[in-house]
Amino acid sequence: MALASTPVPAALKAKRRREAARTLAFLSPWLIGFGVFFAYPLISTVYFSFMKYDGFTAPTFNGLKNWDYVLAHYPSFWTGLGNTLWLVLVMVTLRVAFGLGIGLLITKVRTGAGFFRSAFYLPYLAPPVAATMAFAFLLNPGTGPVNHLLGELGLPQPGWFTDPSWSKPALTLLAMWGIGDLMVIFMAALLDVPKEQYEAAELDGAGPWQKFRFVTFPNISPIVMFAVVTGVIQTMQYYTQAIVAGKVASGVIGGSGQQFEPGYPHGSTWTLPQMVYNLGFQRFDTGSACVVAVILFAISMAFTSLLLRRKSGFINED
Amino acid sequence: MTLTSTVRLPARATSAAAKLARRRAALHWVAVHSFAIAAALFFLLPFVFVLLTSVMSDQQALTSDLWPTEWHWGNYAKVWRTPGFLSWWRNTLLYAGAGTLLTILSSVPVAYALAKFRFRGRNLALMAVISMMMLPPQVTVIPMYLFWAKQMHLTGSLWPLIIPMAFGDAFSIFLLRQFLLTIPKEYLEAARIDGCGDLRTLLRVVLPMAKPAIAAVALFQFFYCWNDYFGPQIYSSENAGAWTLSYGLESFKGAHHTNWNLTMAATLLVTAPVLVLFFFAQKAFIEGVTLTGVKG
Amino acid sequence: MDTTRRTHRALAALTGTACLALLATACTGTNSGGGQDGSAAGQDVNITFWHGWSQDNEVKAIADNVAAFEKLHPNIHVKVVGNIADDKSEQALRAGGDEAPDVVSSFTTDNVGKFCSAGVWADLGPLLQKDGIDPAKTFPAAMLQYSRFQGNQCSLPLLGDAYGLYYNKTAFAAAGITAPPKTFSEFEADAVKLTRAEGDGYQQLGFMPNYHGYESTPTHFLGQYGPSYFGPDGKSDIATDPKVAAMYTWQKALVDKLGGFDKLEKYRTGFGDEFSAKNPFTTGQVAMAIDGEWRTASLAEDKPNFEWATAPFPVPDDQAASYGRGYQTGTIIGIAKGSRKQTASWELVKYLTTDTDAVVSFANAIHNVPSTLAALDSPKLDADANFRTFIGIAKNPNSSTTPASINGGAYQVSMQNLGYEFEAGKQGDLKAGLAATAKEIDAAVQQAK
């Protein structure tokens, strides 16, 4: 603000104006996108969370009733929140640990590295609907090959997607299969660790674990942090795999004449994003759907703000 | 992206020590590659099982057999002849193709401005981009659906999926910005001294240098559109003529709930183009993924 | 600084636009359709009909029926779109627009309450009256009940499903059982006799009572009790109607008698897909099953290696006189309120739902129960004894259905969830569970009002 009082040469002023116009021109597509596809729907979601609207008859003001319903009289909300929390704790942790392990492995492989890298990366690219259907088949307890093999080996054969206590682990397995993104990120980070530090550690007589603990990990910890936070945010959007797995496993999919039980079996795969879809596009309770959407937004933004902290290194300056 | 081993062998040593070191290196090699093979089985066997099941007979696909007794390659022809299957392909290609093109056109200038222009609110804008990138699409889906359905009357078509791509995609902007940051200022200043305006600088100097990043972004966006299920489910699925592969695949399972063989064949047909594309553009892709990470 | 201010201004402008759009959304009211489309005067009219059938034989049966209709009404042209899930057609109807269908069918009757109360589907009452059709004399009572909501007949039944008992005759003979059970105590005794344990599993299970055992859901079992789900005040009755508690108690006792929840659950998760040749009844894994009439067709096709037959599902001992009843549901069809071609649409709906030949041929083609009283008595109906069992159930005056509710099938999901808790022993206090579930249902209904 102090600048405003100091006289500015006219030429400089004109230049600044030109620059401002230029910046605005370059940013314009995104500014429109920000307004129409982000700011407007966000405001509107908050607005609808206080309205009663069935997508057909005109909306009316509903006060806090939608909020009261979702938080106090809709037990499925807490089931969904619990599942989301489970996925955050277990799926994200296992994915990061497994991705790091695979990243470490691929940096050590010397023969056929190209083959292994592609093999490890490939599943990440499989379209989620296709991958989920494939896993629903592979893990089908009655007819799938996985339980067949487990049986041959004399191991227990879980019910996977049909058993409420195994459905989330089955989804976790599917998520670990598509680990390619994390593998590549970790691989790049691991190759960036200065060699001298390993040599110094070796001179000090450090074993493999100590080298990992005192050299590798400190060097890559920002990447681990990044992987954890983005993993949490992805989990907040976890939708396709959960819904498709439930549909395929319950046998109620497409036009089979029955209504799909959301979160099959017994709400065990029921997540917040599915709740928005179910409330908004199946029960047509737009108000309650928007309440869940607002809550989902708040949680996601809380985690995003972790990324935005300067320390996280996510926003590197030029 | 060269893969160098972190295990270093001493260059010169006494013969006994060298022998020991060689043996340890060999053991290390065996251990590492055993793990790698086990991991490769985990990652690749699902593809193998799916492929094998896709050529079984209807009956055999329902057994726990792993190997087809007869190879029914005709299953693929059957899937291909599913009513609508071709239009799912056409729609998906249209969505992915147009979406990718529009994303690049609209995101490059924004990323360039965020990376190279100095202006007040730049950090704020960047934070907004990141927030958009992290926003679950379900948060805004209800107003967006109402917008497309009640104001634009475009639901049941691909337009609600494609049009937003003309207004910058947050992830692409972010990725491109990360890359553009690495272009040294001197190039831009040299261009300016040569009398290039901002647009010319972008087109003549920056774009050629940013090709790998643009390729990566294009690939990501193509895959995103190809794989998208939520968008088509919400906006286009109420018109069977506007179904995409992801959505159609699910309905395929509904219509053929007894035929795992056909379902698996369809699954592979939907996955195949993505895998082929990956093999052709592997390098660009992996560089792109690396860009999303932070500099350690 | 100019930049900042400009950015702010631009953002403000965008927000302004956004708010305008918001107001426009808020003003979007009910779509209104038009009645006269000229079809009565012989003008050519094109209408769109969406349905959910997807199997080849079903799609063909619908196409045949529509072709017969077009022959009768050469000026009405029907564009048929199949394999549309219920949610999708409802979404399209609410959105309106040019592509929206005129005639819609829905597999689940759960949503009738939503369709009628929101006015998404047109009330067919006046049309029926105009054409002199008395619904009570045309359609079975239970089917009428699930196709209307609070006096609004916004849909009509288009074929129905009835649930009965499938039993493995070969296994019955081996266990020395001569006739299908008629009461729950007979059923329980037979189920135990038919169960042969093997290790910590089963070689053969008499019956899979767990609620996830495909069709063995609380509402299907309750069809044998005929409970009242909602009182006259619109509040959930499940905590006060003793029949509901009796069903939950009976199922839990059966679970315990057949080996306990965990053991049964382990067996259940090994079942093949319900709609496949690996259905546990078809494979012989279970000797009795509750299932709909369509299973007769799949069993005829899959040819299991045993003899099988059908009978009405048993009834509670204290209601033995009502033997022959069962749970009923079905497909419904209606007209979009927003359609501008109501006259032509009504002709199609009337033909598909009330023309005896149309209903009978469609029922025979896709092995469903016909949905008019005349068609149920038609001699042209499939004479197969196993299929006829279900015709009997559909005609039984004690057969019942799950009533339409303003928020669709949400109350059934709540009851199902209570069932999972109770059968697994996670909810030990049934009374408290029922009271909490009733409260949950009431809150959801209130929220939807």
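Residues numbered from 1 in each chain as written. Chains lettered and ligands numbered in written order. Predicted model: local features only at pLDDT ≥ 70, side-chain atom pairs only at ≥ 80, totals over all residues.

## Focus: the overall build of chain C
Scanning chain C for helices and strands turns up 20 helices and 9 strands. For 449 residues, the compact-globule estimate of 2.2 N^0.38 gives 22 Å, and the C-alpha radius of gyration of chain C, at 25 Å, lies within 12% of that figure. (Helix = DSSP H or I, 4+ residues; strand = E, 2+ residues; numbered from the N terminus. Rg over C-alpha atoms; globule rule 2.2 N^0.38 Å.)

## What to know about helix 12 (residues 261–268) of chain C
All names here are of chain C. For helix 12, the complete set of buried residues consists of Phe261, Leu264, Glu265, Tyr267 and Arg268. Across the axial projection of helix 12, the buried residues extend over an arc of 160°, all falling on one side. Looking at the buried side of helix 12, the elements it contacts are strand 6 (201–207), helix 11 (242–257) and helix 19 (410–423). (Buried ≥ 20, exposed ≤ 12 C-beta atoms within 10 Å, placed from the backbone. Arc of directions from axis to C-beta. Contact = placed C-beta atoms within 7 Å.)

## Re the pairing of strand 3 (residues 103–106) of chain C
Residues and elements named next belong to chain C. Judged by which residues are buried, strand 3 turns out to be covered on both faces: Val103 and Ser105 on one side and Val104 and Ser106 on the other are all buried. Both strand 1 (residues 45–50) and strand 3 contribute to a ladder of 2 bridges, which runs parallel. From the neighbouring strand, phenylalanine 49 faces strand 3, where its bridge partner is valine 103. Two elements, strand 3 and strand 9 (residues 328–335), share 4 bridges in a ladder whose sense is antiparallel. Bridged to serine 106 within strand 9 is isoleucine 332. (Pairing = 2+ DSSP bridges.)

## Structural notes on the pairing of strand 7 (residues 286–292) of chain C
Residues and elements named next belong to chain C. For strand 7, a buried count of 7 out of 7 residues is recorded, marking the element as mostly surrounded by other parts of the structure. In this sheet, strand 7 lies alongside strand 6 in parallel orientation, the contact comprising 2 bridges. By the bridge assignment, phenylalanine 207 is partnered in strand 7 with methionine 288.

## Regarding the interface of chain B and chain A
Facing 84 residues of chain B, the contacting portion of chain A comprises 92 residues. The element contributing the most residues to the side of chain B that touches chain A is helix 1 (residues 15–54) of chain B, with 13 residues. For the side of chain B that touches chain A, the residue count by class is 56 nonpolar, 24 polar and 4 charged. (Nonpolar A, V, L, I, M, F, W, Y, C, P; charged D, E, K, R; others polar.)

## What about the domain arrangement of chain B?
Looking at the assigned domains, one finds that chain B contains domain 1 (1–32) and domain 2 (83–291). Computed from C-alpha atoms alone, the centre-to-centre distance between domain 1 of chain B and domain 2 of chain B is 45 Å. (Domains from an automatic or database assignment.)

## Describing the packing of helix 11 of chain C against helix 19 of chain C
Residues and elements named next belong to chain C. Two elements in contact, helix 11 and helix 19, have axes separated by 10 Å at closest approach and are oriented at 40°. Overall, the two elements helix 11 and helix 19 adopt an arrangement that is oblique. Regarding helix 11 and helix 19, the two cross each other, and that crossing is right-handed. Here Tyr248, Gln251, Lys252 and Val255 of helix 11 lie close against helix 19, whose contacting residues are Gly419, Phe422 and Glu423. Its residues assigned to classes, the contact of helix 11 with helix 19 comprises 3 nonpolar, 2 polar and 2 charged. (Axes fitted to C-alpha atoms, helices over the stretch in contact; angles between N-to-C directions. Parallel < 35°, antiparallel > 145°, perpendicular 65-115°, else oblique. Left-handed = near helix turned anticlockwise from the far one by under 90°.)

## Quick notes on the environment of Val66(C)
All names here are of chain C. Inspection of the secondary structure assignment puts valine 66 in helix 2 (residues 56–72). For valine 66, a count of 21 C-beta atoms within 10 Å translates into the label buried. With 12 residues separating them along the chain, valine 66 and valine 78 place their C-alpha atoms 7.3 Å apart. Among residues more than four places away in sequence, those in contact with valine 66 are Val78 and Val80.

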